Amino acid sequence: MSAEFTYQDVAEHNTKKDLYVVIHDKVYDITKFVDEHPGGEEVLLDVGGQDSTEAFEDVGHSDEAREALEPLLVGTLKRQAGDPKPKAPLPGSLAPAAQTGTATGLGVGLYAVLVLGGVAAFAAYQYLQAQQAAAGPSA
């Protein structure tokens, strides 16, 4: 059975030695993870004690990162009147591709386009160089 936290409860845990975040209405104690975070501790401290769903999803965390959250779960967010609305879709709704598992997200697609564009540009350059060499010196 997990505990329920209000926004005010979570807001009190906003230091490096005591750090909670809310992601999709679940409360995580990420204190032990601060030094291990690949993006650096500053990123976590910036969103500590608040709803960091949008920041978490905007980065496009891997499945491994999502699994790493599971043991850090300490409870759920108890929304009250006047609380901010969720900043990102909840899991199971029309969520980003990383949530649905049907696509790999914009990041990989963007890299693929860039790599293919680079390959096409290189091939065009090689073709033009070969055409110029075949035409002989133009003096």
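Preceding block: the structure.
Quick summary incoming for the structure in this document. (Residues numbered from 1 in each chain as written. Predicted model: local features only at pLDDT ≥ 70, side-chain atom pairs only at ≥ 80, totals over all residues. Heavy atoms only, no water.)

## Thoughts on the packing of aromatic side chains
- Here the structure, examined in full by the defined rule, presents 1 aromatic pair.
- Seen from their ring centres, Phe5 and Tyr20 are 5.7 Å apart, and the 85 degrees between their planes marks the pair as edge-to-face. Here Tyr20 lies in strand β3 (residues 18-23) and Phe5 lies in strand β1 (residues 3-5), a separation of 15 residues in the sequence. Taken individually, Phe5 and Tyr20 each receive the classification buried, so the pair is uniform in this respect. (Phe/Tyr/Trp six-rings, centres within 6.5 Å; stacked < 30°, edge-to-face > 60°. Helix = DSSP H or I, 4+ residues; strand = E, 2+ residues; numbered from the N terminus. Buried < 20%, exposed > 50% of the residue type's maximum accessible area, 1.4 Å probe, protein only.)

## Some points on a nonpolar patch on the surface
- On the surface, Leu110, Tyr111 and Leu114 cluster together to form a nonpolar patch covering roughly 360 Å² of accessible area.
- Assignment of secondary structure puts Leu114 in helix α6 (residues 106-135). (Patch = residues over 30% accessible without salt bridge, like charges linked within 9 Å, V, L, I, M, F, W, Y side chains within 5 Å. Areas by Shrake-Rupley, 256 points an atom, 1.4 Å probe, with all protein chains shown as cover. Salt bridge = Lys/Arg side-chain N within 4 Å of Asp/Glu carboxyl O.)

Any functional reading would require information beyond the geometric quantities listed.
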